[in-house]
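Working through the structure, step by step
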Amino acid sequence: MALQAGIVGLPNVGKSTLFNALSNAKAQAANFPFCTIEPNVGVITVPDERLIELEKLVKPNKVVPTTVEIVDIAGLVKGASKGEGLGNQFLGNIRSTDAIIHVLRCFDDDNVIHVDGSVNPVRDKEIIDIELQLKDLESVEKKISRSEKQARTGGDKEALRGLEILQTLKAHFEQGKNARAFEVTPEDKAKHIDDLFLLTIKPVIYVCNVDEKSVVSGNKHTDALKEAVKQEKAEILFVSAAIESEIAVMESYDDRQMFLEDLGLHESGAARLIKSTYRILNLATYFTAGVQEVRAWTITKGMLAPQAAGVIHTDFEKGFIRAEVIKYTDFVKLGSEAACRDAGKLAVQGKDYIVEDGDIMHFRFNV
């Protein structure tokens, strides 16, 4: 499945520098606002140590990891919801993404100007929040206007319920709150809110761009941000765009690991960011493993076997017969598919099987 996360942030917070380090694409990184005019799309390989182990055992012709698309979206300023700066373009580009990676400047450096004159990640966060909330409020008000006549003249109970939810959501936005913090049942959300494609309902990761000495434990700026977002359903990461830029040009895996360990880190900011994205989007990975190819596939947690097969090809889902499943731990312990089969560790599963993270699967289908 195509997963896309949008990197957002005010000008000069390190957003494009981080994007450059994360992906193979090269956005222009410069010390002035709006240097990223068009959204730049980069592809990040999802780090998964299990692929390395499977490669050792299967010895395939190739290994194909799953990937995440990262979109570097043009900077935002106050008034974007009304079209100021590159606001309309920003808001349009962010609407198509699955998750938001909100980069906030949490380092002091007199040589890098700040669009608002001082370093204050809480203020910066609120600027973008307000612009997105205003755009969402506009969407809700338009739907309320369309719904009022139907609800009040037709006597439709479902329409009245929808209008009530929308009016409550409108008040929620007017209090300066994001849609992801709005309490609503899944059924009501599907019926009355999902068609609005709200910006502030998207899951968010706050990436604190810090200096090298703050990358492990943070600093006064990250402490202030953590306090400000403690009620939100969000993840917070400390990442140094400067460190990620250094890692990106290192050819040797061992050199990268040694560099990270010297800094007190176990893995790169890119790896931590992708894992956070998987968590907030409720994603999992299953594998196919054969001599031709060992490959990782991304699914939503809770997917049934036919749906997971459909991630490979729609024909697999349409003609699904059964799935042969081996648990990753059993495969690694016993060393091969044949050994797992002989040991009774290969299970034949039907259409109701819920695929688990790490499953090694072979699908039988007929079209």
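The structure presented is a predicted model; accordingly, all values stated were derived computationally and were not measured. (Residues numbered from 1 in each chain as written. Predicted model: local features only at pLDDT ≥ 70, side-chain atom pairs only at ≥ 80, totals over all residues. Heavy atoms only, no water.)

1. So, the overall build of the chain
Scanning the chain for helices and strands turns up 14 helices and 12 strands. Taken across its 367 residues, the chain has 50% of its residues classed as buried. Sequence-distant contacts, at least 24 apart, represent 68% of the contacts inside the chain between residues at least 6 apart. When the accessible surface of the chain is summed, it comes to about 18100 Å², and 50% of that surface belongs to carbon and sulfur atoms. (Helix = DSSP H or I, 4+ residues; strand = E, 2+ residues; numbered from the N terminus. Buried < 20%, exposed > 50% of the residue type's maximum accessible area, 1.4 Å probe, protein only. Contact = heavy atoms within 4.5 Å. Areas by Shrake-Rupley, 256 points an atom, 1.4 Å probe, with all protein chains shown as cover.)

2. Structural notes on the sheet that holds strand E5 (residues 99-105)
Taken together, the six strands give an open sheet; going across it, the order is E2-E4-E1-E5-E6-E7, and neighbouring strands pair in mixed fashion. Each of the sheet's edge strands pairs with one partner strand only, and the pair in question is strand E2 (40-45) and strand E7 (234-239). With strand direction ignored, the average angle separating the axes of adjacent strands in the sheet is 25°. Bridging between strand E6 (residues 204-209) and E7 involves six bridges; their strand directions are parallel. Looking at E7, one finds that Cys208 is bridged to Phe238. (Pairing = 2+ DSSP bridges. Axes fitted to C-alpha atoms, helices over the stretch in contact; angles between N-to-C directions.)

3. Side note on the environment of Val249
By the element assignment, Val249 lies in the loop between helix H8 (241-248) and helix H9 (253-262). Put simply, Val249 and Ala21 are 228 residues apart on the chain and 8.5 Å apart in space, counted from C-alpha to C-alpha.

4. Side note on the pattern of salt bridges
Following the criterion strictly, the structure yields 27 salt bridges and no others. One salt bridge connects Asp124 with Arg123, and the closest N-O pair in it is separated by 3.1 Å. In this structure, the salt-bridge partner of Glu235 is Arg279, at a minimum N-O distance of 2.9 Å. Highlighted residues: Glu235 in strand E7 and Arg279 in helix H10 (residues 269-280), separated in sequence by 44 residues. Through salt bridges with shared partners, a single network forms among Lys125, Asp129, Arg180 and Glu232. (Salt bridge = Lys/Arg side-chain N within 4 Å of Asp/Glu carboxyl O.)

5. Looking at the packing of helix H1 (residues 15-22) against H8
Two numbers describe how H1 lies on H8: the axes approach to 8 Å, and their chain directions differ by 25°. Overall, the two elements H1 and H8 adopt an arrangement that is roughly parallel. As H1 runs across H8, the sense of the crossing is left-handed. Contacts between H1 and H8 pair Thr17, Leu18 and Ala21 from the former with Ala241, Glu244, Ser245 and Ala248 from the latter. Counted by class, the contact of H1 with H8 contains four nonpolar, two polar and one charged residues. (Parallel < 35°, antiparallel > 145°, perpendicular 65-115°, else oblique. Left-handed = near helix turned anticlockwise from the far one by under 90°. Nonpolar A, V, L, I, M, F, W, Y, C, P; charged D, E, K, R; others polar.)

6. Concerning the packing of H8 against H9
Contact geometry of H8 with H9 gives a least axis separation of 10 Å together with a crossing angle of 155°. In terms of orientation, H8 lies roughly antiparallel with respect to H9. Of the two elements, H8 crosses H9, and the hand of that crossing is right-handed. Taking contact as the criterion, the partners of Ile243, Glu246 and Ile247 in H8 are, on H9, Arg256, Phe259 and Leu260. Looking at the contact of H8 with H9 residue by residue, the class counts come to four nonpolar, no polar and two charged.

7. So, unusual backbone geometry
Phi is positive for Lys59, close to 55°, though the residue is something other than glycine. Mapped onto the secondary structure, Lys59 falls in the loop between helix H2 (49-58) and strand E3 (62-64). Relative accessible area serves as the criterion here: at 61%, Lys59 is assigned to the exposed category. Look at Asn282: it is not a glycine, yet its phi comes out positive at around 60°. Position of Asn282 relative to the elements: it lies in the loop between H10 and strand E8 (283-289).

8. Let's talk about the nonpolar core
Grouped together as the largest cluster of nonpolar side chains are 52 residues, with contacts concentrated most on Ile70, Ile101 and Val207. Ranked by size, the runner-up nonpolar core spans 16 residues in total, among them Ile299, Met303, Ala308 and Tyr353. (Core = buried A, V, L, I, M, F, W, Y, C linked by side-chain atoms within 4.5 Å.)

9. Quick notes on the state of the cysteines
Counted under the stated rule, the structure contains zero disulfides. The thiol of Cys106 is not disulfide-bonded; the next cysteine sulfur, from Cys208, is found 3.9 Å away. Since its relative accessible area comes to 0%, Cys106 is described here as buried. (Disulfide = S-S within 2.5 Å.)

10. Quick word on the packing of aromatic side chains
The full count for this structure, using the stated rule, is three aromatic pairs. Through a chain of ring-to-ring contacts, the aromatic side chains of Tyr286, Phe320 and Phe363 assemble into a single cluster. Arg105 extends its terminal NZ or CZ atom over the ring of Phe107, reaching a point 4.5 Å from the ring centre. (Phe/Tyr/Trp six-rings, centres within 6.5 Å; stacked < 30°, edge-to-face > 60°. Lys NZ or Arg CZ within 6 Å of the ring centre and 35° of its normal.)

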